[in-house]
Amino acid sequence: MRIGEFEVVIITDGYERLDGGAMFGVVPKVLWEKTNPPDDRNRILMGLNCLLVTGNGKRILIDTGVGSKNDPKFCDIYGIEGRSSLLDSLKGYGLEPGDIDIVINTHLHFDHAGGNTCRDEKGRVAPTFPNARYFTQKGEWDVALNPNERTRATYLKENFLPLEEAKCLELIDGDVEIIKGVSLLKTPGHTMHHQSVLIGSGSERGLFIGDLIPMSPHLHLPYIMAYDLYPLTTLETKRWLLKRAMEEDWIIFLDHDPKIKAGRVRNANNRYMVEELSMHDLMEGE
């Protein structure tokens, strides 16, 4: 699709499975299992949806999935198996890792930053995209370097420390436009320094919303993950951001929904929902 001056493609690093109760927090299972049926380990299927943005002379990749460095135990726990990788997805569009100019991480959890790095032919961990500058919030970086007992399992240093060693890291402090038409917006709640990515020009806008709203059911304001470190902040961020997205008719991109990956925010009976983009919308370049 096109959003203003930019060509935007939803690409995938496959799927994962996380505990359904954790994904929906205080929402009872009898409600969330209607839209997200769990497996026999109470895990729900989730996409690892990333975004490729091309425009103004740059190819930009937003989030990088889980990557390829994970051992069999890790893959079993998180249901990562038999999947096409992010690099396979890029290759389907004729792109190699060296063709990416900018990588943006919404945050540094393993399922959003795992593909930042890979093992080279000698088994060393190195940046996957050798010609790219990697952008994340400075506050997120600081927290990832100093995880606590709750966050240690998701901030895996092999996913981001090699970026600093390779001198390809760009630390941002707050909202900023990194190139004309692509802005980083702090959207706290899931983590305090989580960011979303706003794309477009003129009246056309698209927002890769990250883990603030991972799947379509999470547009409903009370649906907040137990994984969120600051759930009441999530609530307030969702409240103002969804209001703006609906009023300005933004396209939003959902990073973990296995079915609805993009759509427009609507309000039905005082409840936010997403109107999925049709094939006609995509082909018309909306």
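Each remark here, short or long, concerns the structure printed above.
Residues numbered from 1 in each chain as written. Predicted model: local features only at pLDDT ≥ 70, side-chain atom pairs only at ≥ 80, totals over all residues. Heavy atoms only, no water.

Draft legend 1. Molecular detail of helix α8 (residues 231-247). Its 17 residues place the ends of α8 24 Å apart at the C-alpha level, agreeing with the 24 Å of an ideal helix rising 1.5 Å per residue. Three or more residues of α8 are buried, namely Thr234, Leu235, Thr237, Lys238, Leu241, Leu242 and Ala245. Residues of α8 that are buried make contact with β13 (204-208), β14 (251-253), β15 (262-267) and β16 (272-276). Immediately beyond the C-terminal end of α8, within one or two residues, lies Asp249, with a positive phi of roughly 60°. (Helix = DSSP H or I, 4+ residues; strand = E, 2+ residues; numbered from the N terminus. Expected span 1.5 Å × (residues − 1). Buried < 20%, exposed > 50% of the residue type's maximum accessible area, 1.4 Å probe, protein only. Contact = heavy atoms within 4.5 Å.)

Draft legend 2. Structural view of the layout of surface pockets. The calculated volume of the largest pocket comes to roughly 380 Å³. Along the wall of the largest pocket there are 21 residues; nearest its centre are Thr35, Asn36, Ser216, Pro217 and Asp257. Looking at the lining of the largest pocket, the elements with two or more residues in it are α2 (29-32), β3 (43-55) and β16. Broken down by element, the residue count for the lining of the largest pocket peaks at three residues, all from β16. Here the lining of the largest pocket is built from residues that sort into 14 nonpolar, four polar and three charged. The space that makes up the second largest pocket amounts to roughly 310 Å³. Lining the second largest pocket we find 17 residues, and of these His109, Phe110, Thr154, His190 and Tyr227 sit closest to its centre. Taken together, the residues that form the lining of the second largest pocket break down as nine nonpolar, five polar and three charged. (1 Å grid on protein atoms, 1.4 Å probe; cavity = no way out; pocket = protein on both sides within 12 Å on 5 of 7 lines; lining within 4 Å. Points joined across faces, edges and corners; volume = space filled by probe spheres on them. Nonpolar A, V, L, I, M, F, W, Y, C, P; charged D, E, K, R; others polar.)

Draft legend 3. Geometry of the pattern of salt bridges. Under the defined criterion, the tally for this structure stands at 12 salt bridges. In this structure, Lys138 engages Asp142 in a salt bridge whose closest nitrogen and oxygen atoms are separated by 2.9 Å. Taken together, the residues Lys138 and Asp142, both in helix α6 (residues 138-145) and four residues apart, mark about one turn of the helix. A relative accessible area of 38% places Lys138 in the partly exposed class. As a salt-bridge pair, Glu275 and Arg266 come within 3.4 Å of each other at their nearest N and O atoms. Via salt bridges that share partners, Asp249, Arg264, Arg266 and Glu275 belong to a single interconnected network. (Salt bridge = Lys/Arg side-chain N within 4 Å of Asp/Glu carboxyl O.)

Draft legend 4. The sheet that holds strand β2 (residues 6-19), seen in detail. Here we have seven strands laid out as an open sheet, ordered β1-β2-β3-β4-β5-β8-β9, and mixed in their pairing. Each of the sheet's edge strands pairs with one partner strand only, and the pair in question is β1 (2-3) and β9 (169-172). Here four bridges tie strand β8 (residues 133-137) to β9, and the two strands are oriented parallel to one another. From the neighbouring strand, Gln137 faces β9, where its bridge partner is Ile172. (Pairing = 2+ DSSP bridges.)

Draft legend 5. Region of the structure containing the state of the cysteines. In total, this model carries zero disulfides according to the counting rule given. The cysteine Cys50 is free of any disulfide, with Cys118 supplying the nearest cysteine sulfur at 15 Å. By relative accessible area, Cys50 is classed as buried at 2%. (Disulfide = S-S within 2.5 Å.)

Draft legend 6. Molecular detail of empty space enclosed by the protein. Inspection of every chain in the model, using the stated rule, returns one cavity of 30 Å³ or more. The computed volume of the largest cavity comes to approximately 40 Å³. Forming the walls of the largest cavity are Leu48, Asn49, Cys50, Asp63, Gly65, Asp111, His112 and Asp255. Counting only elements with at least two residues in the lining of the largest cavity, the list comes to β3 and α5 (110-113). In terms of residues, the lining of the largest cavity owes the most to one element, β3, which gives three residues. Taken together, the residues of the lining of the largest cavity sort by class into two nonpolar, three polar and three charged.

Draft legend 7. A look at the sheet that holds β13. Across the sheet, which stays open at both edges, the seven strands sit in the order β10-β11-β12-β13-β14-β15-β16 with mixed pairing between neighbours. Of all strands in the sheet, those with a lone pairing partner are β10 (176-179) and β16, marking the two edges. The sheet shows a mean angle of 35° between the axes of neighbouring strands, taken without regard to direction. Along the sheet, α8 makes contact with β11 (182-186), β13, β14, β15 and β16, crossing β15 at roughly 100°. (Axes fitted to C-alpha atoms, helices over the stretch in contact; angles between N-to-C directions.)

Draft legend 8. Looking closely at the nonpolar core. With 23 residues, the main nonpolar core has Ile62, Ile104 and Phe253 as its most contacted residues. Counting only elements with at least two residues in this core, the list comes to β2, β3, β4 (58-62), β5 (102-104), β10, β11, β12 (195-201) and β14. Filtering out sequence-adjacent residues up to four positions away, Phe253 remains in contact with Met1, Ile3, Val8, Ile10, Leu51, Gly206, Leu207, Phe208, Ile209, Lys261 and Ala262. Counting 22 residues, the second-largest nonpolar core is a separate cluster that includes Ile11, Leu52, Ile100 and Tyr134. (Core = buried A, V, L, I, M, F, W, Y, C linked by side-chain atoms within 4.5 Å.)

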